[in-house]
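This is what each chain is made of:
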Amino acid sequence: MAAGNEWINGYLEAILDVGNNSSKSSSSSSNNIFGVKNIISGSNITKGIEETKLKIDQGFDSTSIGDEDHKDKEVNDPQKLISPIKYFVEEVVNSFDESDLHRTWIKVIATRNSRERNNRLENMCWRIWHLARKKKQIAWDDAQKLMKRRIEIERGRNDAAEDLSELSEGEKEKSDANQAESPPDKISRINSDMQIWSDDDKPRHLYIVLIRYIQKESLWPYIPEFVDGALSHIVNMSSVLGEQVDGGKTTWPYVIHGHYADAGEVAAHLSGALNVPMVLTGHSLGRNKFEQLLKQGRLSREDINSMYKIMRRIEAEEMGLDAAEMVVTSTRQEIDEQWGLYDGFDIKLERKLRVRRRRGVSCHGRYMPRMVVIPPGMDFSYVTPQDSLEGDGDLTLLIDSNKTQNKRHMPLIWSEITKFFTNPHKPMILALSRPDPKKNVTTLLKAFGECQPLKELANLTLILGNRDDIEEMSNSSSVVLTTVLKLIDKYNLYGMVAYPKHHKQSEVPEIYQLAAKTKGVFINPALVEPFGLTLIEAAAYGLPVVATRNGGPVDIIKALNNGLLIDPHDHKAIADALLKLVADKNLWLECRKNGLKYIHRYSWPEHCRTYLSHVKHCRNRHPTTRLEIIPTPEEPMSDSLRDVEDISLKFSVDTDFKPHGEIDAANRQRKLIEALTHLGSPHGNSSISYGPGRRKELFIIATDCFAKDGLCTETLPLVTKNVMQAAVSSSGKVGFVLLTGLTLHETKEIFRNCHVGLETFDALVCNSGSEMYYPWRDSSADMDYEAHIGYKWPGENVGSMIMRLGRVGEGDGNGDDIAEYSDAFSSRCYSYSIKPGAMTRKIDELRQRLRMRGFRCSLVYTHATTRLNVVPLLASRGQALRYLSVRWGLDLSKMVVFVGEKGDTDYEGLLVGLHKTVVLRNSVEYGSEMLLRSEESYKRDDVVPQDSPRIAFVEDHQFHNISAALKALQIM
């Protein structure tokens, strides 16, 4: 045959091979796929050609091919409806010029002999050649009809334009409005009726914070330090951006977006500190991983928790759900089957609450984050798919053994793959994954091996990572690859299946291109596929896809409309889907065009537009109150110059002169040093005044000292007195803040008869961080702080729920084990007294039950476990310090927190962060931290870093010990 016609010849050889295989199978059965016994005489091939001729005569209408009665009888078996001969005949007729066919026919005649195969090939070439000529005539006739139709359409448009000119202006506007209301060609997503971010919004200036992710299991104890550092950075950047963009007004972040569990926790704290919306993307989730590890049975729950800190990670993800206004997912499967495992999200409850909000009906304090599907963005700039299937000469040159000089211009991976195939011209089914049992490659091989039409029609390529020696691979990978080799041998798939040992990542696009050039199909038969990145890559190169119906591919194929979904456990369904896509050229071409047409939906620009649209909606739902920084008055210029004038005066009066009027250099230097030293001393004439809101440092007293009965002891005022005495030399540079679980009334009572007045405090933070007062100013609460922490606060809706859920067993015990303590109630704190000896749930257990019911709040046991305070979600004593840091412009590293060895259940939050901590041993006798977590939860080491240089310990609360600790921390 002619070397230039290798592609045609490959198809013709495939036709003859199919005929021979059918002959063998018909010897044992009188009813083969063509319904014809006489294979040797060529009637099988003739029937395929005649079917194609019928298709040509009927304008290539796929519904008119074959015998309809025969179809009706076997419609339930797609494999019996596929004719591989017809496929290859159509390929030759549709893809090649009649001159190429004629050239092949002439070559066959010149080299023919008595061999039956050559005679059949000659006859087949002649018949197909005539089919091609007839197809060309039909195409010409169709073109003429199309041209006439276009002329008629143009005439119709002109007539409509003339008629429209006679309409009234009102009718024109109505017509234009109807056209504008036509639905856009967009993918259907959750809340897709919202306005899409348009290019008209480009001039707007948005400050968006994205959290970084570091994959270290030991990172958890240092999360608060990162929060404090990030808060300082954001405050500084917001001020700078405000000066440059917003006329000097602070430009706070538009949203704070956390990725993964640890950054999600960071974003939750920052969102609460700045009162801006939070967005969360979980990516891989802890609960899902925990279940998978348990199913494997290799590690116990304790081992998993110890090795992966999995419970700490899960709690961070739950906190992210609590605080997030919106959760971004890649697929709906992630919403239903992954986030659905968490206490803080229930899809049915979320839908009910969403409907109630839209109708303006109360949700009774319940809240669920809004889940949106935004697929990851991809860069398609490197993809150059061909809209047509022309230009396959490069593959022809690779396969042609006489063109070895041109092989160096072809991708090396092509030759590595095609060397496996007896006939590399067949469509290539491509599977690309790691050799993991979950990727289900063995079921794919079984489907291919047991489907005779599929084997005759296509080749199969398995790209299963890289390997040198299977025995040296991990156990799971080794098992998969060994099974693959056994199945190839079992079904005798040699010459039909490629499984190269090596490939480079840079060669993956070339593998997709090879599959597309052979008019092949990409398949992902995984048992579960969370997203399906390879499906998008395949679509970008014009490959139709077959994919598992479990997971992300459902969304991808719905968006791209470029393939079929299958049950990964049903090998016959897999074979039927592959056969349907490969054999039906119209369907294959439609899927290819759809994939290329809609692939932009997974591009970065589309991702950003969709993301910004959802973020805008998210921002609109968030309260509009914003944290304001109290401006620090600058030192007047006249005061600054007065000191300079004083120095000049001193020099003019006190300085000795030499006889010739020269100043004595030594004396001048001495006088200058004395003057500067005088100005810098605490007793100098500096005009800088310090006071609340203008301190250099803050000392924080958080040593609530309770007796066993929950009453506060006299130790708290004593600790306060000693701490203030240690800072007596600071001349106002150090301010004092009290953090307590006491109410304001209880605080006043405990300090009434001591030598420390409440007015000496810059701020009082009472009721476990839910109230803030400035006693030097007045006794009223900070209403800005109250509004700041109020978001998602369920208020009275959670009241009765606490008493019902707080008791162990819920139905057991006395009804008065937990009772409302109205004396401590406030707008942001609901307090409950705990009966001595009562069996109450620990914080993590009670919080879990509230989350399941849609309540988002924080819980604190205080007063030596005799009281439970329920406060807003991100209200805490630690968060109150961040609030003051921003309001007063004081870095958190300039704060020192004094605590005991024990405390309330929010005690751990006071030990971590950028501030310094002084632990006063033997100061607090009874605490509540034993009710913080259950045994199955994470440990304190996952929250508080060991051997932190920011923490100092002293033996008691005596003045000299406190002073020594401050010096050790390099504070005083």
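Just so we're clear, the structure is a prediction, and the values are computed from it rather than from any experiment.

> Let's hear about the pattern of salt bridges: which residues, and what values?
For side chains bearing opposite charge, pairing can occur when the charged atoms are close. Throughout the structure, instances matching the rule amount to 30 salt bridges. Here R887 ties to D784 by a salt bridge, and the two come within 3.9 Å at their closest N and O atoms. In this pair, R887 is assigned in helix α33 (residues 877-888) and D784 in helix α30 (residues 783-788), connecting sequence segments 103 residues apart. Classification of R887 by relative accessible area gives buried; the value is 13%. When the shortest N-O distance is used, the salt bridge between D904 and R877 registers 3.9 Å. Of this pair, D904 sits in the loop between β20 (895-900) and β21 (916-920) while R877 is found in helix α33, placing the two residues 27 residues apart along the sequence. With relative accessibility at 4%, the residue D904 sits in the buried group. A network of salt bridges, in which partner residues are shared, links E315, D322, R847, R851 and R856.

> Outline the sheet that holds strand β8 (residues 497-498), supporting the account with residue identities and numerical values.
Sheet strands associate in pairs through backbone hydrogen bonding, adopting either a parallel or an antiparallel arrangement. Spatial ordering of the open sheet is given by β8-β7-β6-β9-β10-β11, a layout of six strands whose pairing is parallel. Taken across any chain shown, the strands that pair with only one partner, and hence form the sheet edges, are β8 and β11 (563-566). For strand β7 (residues 459-463) and β8, the ladder comprises two bridges, and the chain directions are parallel. Each residue of the ladder has a partner; that of T461, found in β8, is A498. The strands that helix α17 (residues 441-449) touches are β6 (428-432), β7, β8 and β9 (521-524); relative to β7, the one it contacts most, it runs at about 170°. Along the sheet, helix α23 (residues 571-583) makes contact with β6, β9, β10 (545-548) and β11, crossing β11 at roughly 175°.

> Help me get a handle on the packing of helix α9 (residues 260-274) against helix α12 (residues 310-323), residues and values and all.
One can describe the packing of α9 onto α12 by two numbers: an axis separation of 8 Å at closest approach and a directional angle of 40°. Here α9 lies oblique to α12, going by the angle between them. Of the two elements, α9 crosses α12, and the hand of that crossing is left-handed. Across from A261, G264, E265, A268 and H269 in α9, the residues of α12 making contact are R312, R313, A316, E317, M319, G320 and A323. Taken together, the residues that form the contact of α9 with α12 break down as five nonpolar, three polar and four charged.

> I'd like to hear about the sheet that holds strand β14 (residues 763-766), residue by residue, with values.
Taken in spatial order, the seven strands of this open sheet run β15-β14-β13-β12-β20-β21-β22, and their pairing is mixed. Because the sheet does not close on itself, it has two edges, and the strands there are β15 (771-773) and β22 (951-954). Strand-to-strand twist of the sheet, defined as the mean angle between neighbouring strand axes without regard to direction, takes the value 20°. As paired elements, strand β13 (residues 734-739) and β14 share three bridges and run parallel to each other. Bridge assignment links L739 to a residue of β14, and that residue is V765.

> How would you summarise empty space enclosed by the protein if you had to cite specific residues and measurements?
Under the counting rule described, the total for this entry stands at eight cavities of 30 Å³ or more. Of the pockets and cavities examined, the largest cavity occupies roughly 840 Å³. H269, M319, R847, S876 and G909 are, among the 38 residues lining the largest cavity, the residues nearest its centre. Mapped onto the lining of the largest cavity, the elements with two or more residues apiece are α8 (223-245), α9, α12, α32 (843-852), β18 (857-862) and α33. Class assignment of the residues belonging to the lining of the largest cavity gives a composition of 17 nonpolar, nine polar and 12 charged. In this structure, the second largest cavity occupies an estimated 160 Å³ of space. Looking at the second largest cavity, it is lined by 14 residues, and the ones nearest its centre are G272, N275, H788, Y791 and L874. Partitioned by chemical class, the residues of the lining of the second largest cavity number seven nonpolar, six polar and one charged.

Rules and cut-offs
Residue positions are given per chain, counted from 1 along the sequence in the order it is written. Per-residue local features are limited, in this predicted model, to residues with pLDDT of at least 70; the limit for side-chain atom pairs, both in listing and counting, is 80 or more; totals at the level of whole chains, interfaces and linings are taken over all residues. To obtain the side-chain values, all non-hydrogen atoms of the structure were included, while hydrogens and water were left out. Criterion for a salt bridge: a side-chain nitrogen of Lys or Arg within 4 Å of a carboxyl oxygen of Asp or Glu. Secondary structure is summarised from DSSP: a helix means a run of H or I of at least four residues, a strand means a run of E of at least two, and numbering begins at the N terminus for each. We call a residue buried when its accessible area falls under 20% of the maximum for its residue type, exposed when it is over 50%, and partly exposed in between, using a 1.4 Å probe and counting protein chains only. DSSP calls a pair of strands paired once it identifies at least 2 bridges connecting them. Contact criterion: two residues are considered in contact whenever any of their non-hydrogen atoms come within 4.5 Å of each other. Helix axes use the C-alpha atoms of the stretch in contact, all axes being lines fitted to C-alpha atoms, and the angles between their N-to-C directions lie in the range 0 to 180 degrees. By the definition adopted for this analysis, an angle is roughly parallel if under 35 degrees, roughly antiparallel if over 145, roughly perpendicular if from 65 to 115, and oblique otherwise. Note on convention: the crossing is left-handed when the near helix lies turned anticlockwise from the far helix by less than a right angle, right-handed when the turn is clockwise. Residues are grouped as follows: nonpolar covers Ala, Val, Leu, Ile, Met, Phe, Trp, Tyr, Cys and Pro; charged covers Asp, Glu, Lys and Arg; every other residue, Gly included, is treated as polar. A pocket here means an open set of points on a 1 Å grid, computed over the protein atoms alone, that has protein on both sides within 12 Å along at least five of seven lines. A cavity is instead a set of points where a 1.4 Å probe fits but cannot get out; residues with an atom within 4 Å of a point line either one. Grid points are joined across faces, edges and corners, and a volume is the space filled by probe spheres set on the points.

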